[in-house]
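As a plain string of letters, each chain reads:
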Amino acid sequence: MPDPFLPGDPPIPLILRRSAQARRISLRISQLDGRVTLTMPKRLKEAEGLAFAREKESWIRKHLEARGADVAIGIGAQFPLGGKMVRVEAGQGRRIQLGTETVRVPGREDRVPARLAAHLKELARDRLSGACDDYAAILGKPYTKLTLRDTRSRWGSCTADGGLMFSWRLILTPPEVLDYVAAHEVAHLAQMNHSPAFWAEVERIYGPYKDARAWLRTHGSDLHRYRFA
């Protein structure tokens, strides 16, 4: 059966989960994609879970409104690039052109989201590679490879064999935030933990990092609202 929803303007889809471990009904709103999950004990009647959700409807709508709506990227849409909002416009020729307030994307309009995403990934790789090269040189430990993904649970990671992984959406953040995440993961080449010694390495190769870290904690989930597909 399809998942239920709360009627209204707009209607709110609910993802219904039953759990043998659950002792009570709970609601969770994902800050990444706005999905509302209703978890309930395995033997509880669905009607009771839906009644609970209806009682919490004003709370749900308040949190969804605070999160903001998803933004479908295309001509006329705006999104952050390097921490500053830019507007997508139709371009001429073959190359994507970046301005201070606009990004011009040539070609068919239906190809704009995918083409722009590919271009942003290239920018992210260039910026992150340069930052990681610099920080690894200061640290005195090389990394073995660098990969990009569209991760939702973390902005970067470092493997035991020296592989670095980053979310390409870091190119949307202010430059100092991207640099901080690069330094954070490079520091794991020396300290595979989050001990005081690790944070000392981050500060040694990057400098004071608390403002950049706070920005990411406050604004990071918002970057997943921008849909490039």
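For the structure given in this document, a descriptive report is provided here. From a predicted model like this one, the values you see are computed outputs, not experimental measurements.

### Topic: the pattern of salt bridges
Side-chain pairs of opposite charge can arise whenever the charged atoms involved come near each other. Applying the stated criterion to the full structure yields 9 salt bridges. With a shortest N-O distance of 2.9 Å, Arg61 and Glu57 are connected by a salt bridge. Separated by 4 residues within a single helix, Arg61 and Glu57 lie in helix H2 (residues 57-67), roughly one turn from each other. With a relative accessible area of 23%, Glu57 lands in the partly exposed category. Between Arg227 and Asp70 there is a salt bridge, with its nearest N and O atoms 3.4 Å apart. Of this pair, Arg227 sits in strand E13 (residues 226-227) while Asp70 sits in the loop between H2 and strand E5 (71-72), and the two are 157 residues apart along the sequence. Looking at Arg227, the relative accessible area reads 21%, which means it is partly exposed. The network of salt bridges with common partners includes Arg87, Glu89 and Arg104.

### Details of the nonpolar core
The biggest cluster of nonpolar side chains holds 50 residues, and the ones touching the most others in it are Phe79, Leu116, Leu120, Leu128, Phe166, Val186 and Phe228. Apart from residues lying up to four places away in sequence, Phe228 is in contact with Ile73, Phe79, Pro113, Ala114, Leu116, Ala117, Leu120, Trp168 and Arg169. Counting 12 residues, the second-largest nonpolar core is a separate cluster that includes Leu14, Leu27, Met40 and Ile60.

### Notes on helix H5 (residues 196-205)
Along H5, the residues that are buried comprise Phe198, Trp199, Glu201, Val202 and Ile205. Down the axis, H5 shows its buried residues gathered within 150° of arc, on one side only. Buried residues belonging to H5 abut helix H3 (112-139), helix H4 (175-187) and helix H6 (210-219). Just downstream of H5 lies Gly207, where phi reads positive at about 110°.

### Here we look at the sheet that holds strand E9 (residues 102-105)
One open sheet accounts for 4 strands, arranged E6-E7-E9-E8; its pairing is mixed. The sheet is open, and its two borders are formed by strand E6 (78-81) and strand E8 (97-98), each paired with just one other strand. Taken together, the 2 bridges between E8 and E9 define a ladder with antiparallel strand orientation. What sits directly across from Leu98, in E9, is Val103.

### Details of the packing of H3 against H5
The N-to-C vectors of H3 and H5 enclose an angle of 115°; their axes lie 10 Å apart at closest approach. Between H3 and H5, the crossing angle belongs to the class labelled roughly perpendicular. When you trace H3 past H5, the crossing you get is right-handed. Two secondary-structure elements touch here, H3 through Tyr135, Ile138 and Leu139 and H5 through Glu201, Arg204 and Ile205. In the contact of H3 with H5, the residues fall into 4 nonpolar, no polar and 2 charged.

### A short note on the packing of H4 against H6
Two elements in contact, H4 and H6, have axes whose closest approach is 9 Å; the angle formed by their N-to-C orientations is 100°. Between H4 and H6, the crossing angle belongs to the class labelled roughly perpendicular. Residues Glu176, Val177, Tyr180 and Val181 of H4 form the contact with H6, whose own contacting residues are Ala212, Arg213, Trp215 and Leu216. The residue makeup of the contact of H4 with H6, split by class, is 6 nonpolar, no polar and 2 charged.

### Let's talk about the state of the cysteines
Considering all chains together, one arrives at 0 disulfides under this definition. Cys158 takes part in no disulfide bond, and the closest cysteine sulfur, belonging to Cys132, lies 9.5 Å away. Owing to a relative accessible area of 13%, Cys158 belongs among the buried residues under this scheme.

Reading the values: rules and limits
Residues numbered from 1 in each chain as written. Predicted model: local features only at pLDDT ≥ 70, side-chain atom pairs only at ≥ 80, totals over all residues. Heavy atoms only, no water. Salt bridge = Lys/Arg side-chain N within 4 Å of Asp/Glu carboxyl O. Helix = DSSP H or I, 4+ residues; strand = E, 2+ residues; numbered from the N terminus. Buried < 20%, exposed > 50% of the residue type's maximum accessible area, 1.4 Å probe, protein only. Core = buried A, V, L, I, M, F, W, Y, C linked by side-chain atoms within 4.5 Å. Contact = heavy atoms within 4.5 Å. Arc of directions from axis to C-beta. Pairing = 2+ DSSP bridges. Axes fitted to C-alpha atoms, helices over the stretch in contact; angles between N-to-C directions. Parallel < 35°, antiparallel > 145°, perpendicular 65-115°, else oblique. Left-handed = near helix turned anticlockwise from the far one by under 90°. Nonpolar A, V, L, I, M, F, W, Y, C, P; charged D, E, K, R; others polar. Disulfide = S-S within 2.5 Å.

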